[in-house]
Amino acid sequence: MHNNSLLIRNVRPLGKNSADLLVRDGTIVALGTDLNAEGAAILEGAGQLLLPGLVDAHTHIDKTFWGQPWQRHQAGPRIIDKIENERRLRRELKLSAETQSANQIRQAIRMGTTHIRTHVDVDTEIGLSSIEAVLASKEHFRESMTLQLVAFPQSGLMIRPGTQALLEAAIDAGADLVGGIDPGAIDRDPAGQLDCIFDIAERKQVGIDIHLHEADQLGATSIELILERTRALGMQGQVTISHAFCLGMLPEAQLSGLIESLQALDITIMTHGPGHIAFPPIKRLYEAGVRVCAGSDGIRDAWGPYGNADMLERAMLMGFRSNYRHDDELEMILDICSFGGARVMGMADYGLEPGCSADFVLVDAETPTHAIVSRPPRSLVCKAGRIVARNGECLV
Ligand SMILES: [Zn+2]
């Protein structure tokens, strides 16, 4: 008798033929028919669609207003306006990053997300307090959410002396990666910022995930500098460029050269399908073998009112903005919102195969594309074999 066994009958993995799924001790042990599951708890899948746990590979759980009274959004149009507005609100509202991150994690669990990479603010005003708060949430949810932290210099690095030491201290405290932001537009010292974060990454043996909102040639120059440093330090497979809007703005010859280098150096591009600006050509990157992942970015925070921490909704937005109408295109987007994110997070045991961690979602939909466009409630969410949400309710 296996008390830790769960058999779910009649599910359709990624829309394929019906099968039974057997989970034991947190791991998928079989996916097939006529499984011998003596002693297992049995659930009826009723032909629902089985998806791997969704992966939100870029968000900001320390800063969401989720669960708080509505805040009117009235920040100015520039990135620097939003950063300053956020710093002001942070002082006024005095929200707990631990409470807020827990609120977003629970919402993400309801929506079938099993893995999150979150950027956490580090600056000379708040120091490591948000890092410590999110680390506390990571510990609290350790059995129901895989959480990676990026130490993120939201307010700039070179322009705020003392930030470099704080980023290093954040890594020592338990952050998994070092972040960066617009080395030209915000710091006005692209080589300086990039040298600084690559140096931290090399010494601390961690990866890099850098926010790059810079447009046109400014962004392209920053990407060139990132490529150079990734190559020089042998950091293939450990660098992510988040947003990379400039990839949607460059002349063809320049774009194809960059895509070739991104692929060769195994640099991941993260996109969230932004509403306001050109963004990377997802299918072209994907087909060229560049790793692509996706995230919610900030949800319901000082930056804007949008977002539900739902990676199916994110997939819809990415597909809609890209004008993808074919099922194979939306299946690619779902792959990016699941396997793409798991790869960038280094999850070796991710997937629906026997031997994988039992992280999965059931939804009442016919196909992956149908799930993206209809976004039904997640009827069952399982993390490492544990049921963490049911019928849209978070149980943890
Ligand atoms: Zn972000």
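The model shown is predicted, which means the values in this text are computed figures rather than measured ones.

Some words on the packing of helix 9 (residues 311-322) against helix 10 (residues 327-344)
Taken N-terminus to C-terminus, the directions of helix 9 and helix 10 make an angle of 135 degrees; their axes are 9 Å apart at the nearest point. When the axis of helix 9 is compared with that of helix 10, the two are oblique. You can see that helix 9 and helix 10 cross each other, and the crossing is right-handed. Judged by residue contacts, Met311, Leu312, Ala315, Met318 and Gly319 of helix 9 engage Leu330, Ile333, Leu334, Ile336 and Cys337 from helix 10.

Structural notes on the coordination of the zinc ion
For a metal bound by four donors in a tetrahedral arrangement, the ideal donor-metal-donor angle is 109.5 degrees, while six donors in an octahedral arrangement ideally sit at 90 or 180 degrees. For the zinc ion, the protein coordination sphere consists of His58 (NE2), His60 (NE2), His211 (NE2) and Asp297 (OD), at 2.1 to 2.2 Å. Read in sequence order, the donor residues for the zinc ion give the motif H-x1-H-x150-H-x85-D. You can see histidine 58 sitting in strand 5 (residues 54-59) and its partner histidine 211 sitting in strand 9 (residues 207-212), a full 153 residues away along the chain. Of the two residues, histidine 58 and histidine 211, both sit in the buried class.

Some words on helix 2 (residues 97-110)
Along an α-helix, residues three or four positions apart point the same way, because every turn accommodates 3.6 residues. In this model helix 2 runs 20 Å from its N-terminal to its C-terminal C-alpha over 14 residues, within 8% of the 20 Å that 1.5 Å per residue would give. Burial analysis of helix 2 places 10 of its 14 residues in the buried class, the great majority of the element. Buried within helix 2 are the following residues: Ala97, Gln100, Ser101, Ala102, Asn103, Gln104, Ile105, Gln107, Ala108 and Ile109. Once helix 2 ends, the next one or two residues include glycine 112, with phi positive near 90 degrees.

What about the sheet that holds strand 3 (residues 27-32)?
The strand order across the open sheet formed by 8 strands is 3-2-1-4-13-14-15-16, and the pairing between neighbours is mixed. The sheet terminates laterally at strand 3 and strand 16 (393-394), the two strands that pair on one side only. Note that strand 4 (residues 41-52) and strand 13 (residues 360-363) share 4 bridges and pair antiparallel. Across the sheet, leucine 51 pairs through a bridge with valine 361, a residue of strand 13.

Observations regarding the domain arrangement of the protein
If you check the domain split of the protein, you get domain 1 (5-52 + 351-394) and domain 2 (54-344). Measuring from the centre of the C-alpha atoms in domain 1 to the corresponding centre in domain 2 gives 29 Å. The interface of domain 1 with domain 2 comprises 22 residues on the first partner and 23 residues on the second. Together domain 1 and domain 2 conceal approximately 2,000 Å² of surface at their shared face, both sides included; 69% is due to carbon and sulfur atoms. By the criterion of area lost to domain 2, the three top residues of domain 1 are Ile372, Arg378 and Lys383, representing 31% of everything that side buries. Where domain 1 packs against domain 2, one counts 2 salt bridges. Where aspartate 310 meets arginine 378, a salt bridge forms, and the shortest distance between an N and an O atom there is 2.8 Å. The tally of links between domain 1 and domain 2 comes to 7 residue pairs in polar contact (both at pLDDT 80 or more).

Let's talk about the pattern of salt bridges
Applying the stated rule across the entire model yields 25 salt bridges. With a closest N to O distance of 2.9 Å, glutamate 329 and lysine 283 form a salt bridge. With glutamate 329 in helix 10 and lysine 283 in helix 8 (residues 282-287), the pair connects residues that are 46 residues apart, well separated along the chain. Because the salt bridges share partners, they merge into one network encompassing Lys63, Glu86, Arg87, Arg90, Arg91, Asp121, Asp123 and Glu125.

Observations regarding a negative patch on the surface
A cluster of acidic side chains, namely Glu287, Asp327, Asp328 and Glu331, defines a negative patch on the protein surface. Broken down by element, the residue count for the negative patch peaks at 3 residues, all from helix 10. Topologically, glutamate 331 is positioned in helix 10. Taking the relative accessible area as the measure of exposure, glutamate 331 reaches 37% and is therefore partly exposed.

Rules behind the numbers
- Residues numbered from 1 in each chain as written.
- Predicted model: local features only at pLDDT ≥ 70, side-chain atom pairs only at ≥ 80, totals over all residues.
- Heavy atoms only, no water.
- Axes fitted to C-alpha atoms, helices over the stretch in contact; angles between N-to-C directions.
- Helix = DSSP H or I, 4+ residues; strand = E, 2+ residues; numbered from the N terminus.
- Parallel < 35°, antiparallel > 145°, perpendicular 65-115°, else oblique.
- Left-handed = near helix turned anticlockwise from the far one by under 90°.
- Contact = heavy atoms within 4.5 Å.
- Donors = N, O, S within 2.8 Å, 3.2 Å for Na, K, Ca; no water.
- Buried < 20%, exposed > 50% of the residue type's maximum accessible area, 1.4 Å probe, protein only.
- Expected span 1.5 Å × (residues − 1).
- Pairing = 2+ DSSP bridges.
- Domains from an automatic or database assignment.
- Buried area = accessible area lost by both parts, 1.4 Å probe.
- Salt bridge = Lys/Arg side-chain N within 4 Å of Asp/Glu carboxyl O.
- Polar contact = N/O pair within 3.5 Å; in protein donor to acceptor, adjacent residues only side chain to side chain.
- Patch = residues over 30% accessible without salt bridge, like charges linked within 9 Å, V, L, I, M, F, W, Y side chains within 5 Å.
- Areas by Shrake-Rupley, 256 points an atom, 1.4 Å probe, with all protein chains shown as cover.
- Lys, Arg positive; Asp, Glu negative; His and termini not counted.
- Charge placed at Lys NZ, Arg CZ, Asp CG, Glu CD.

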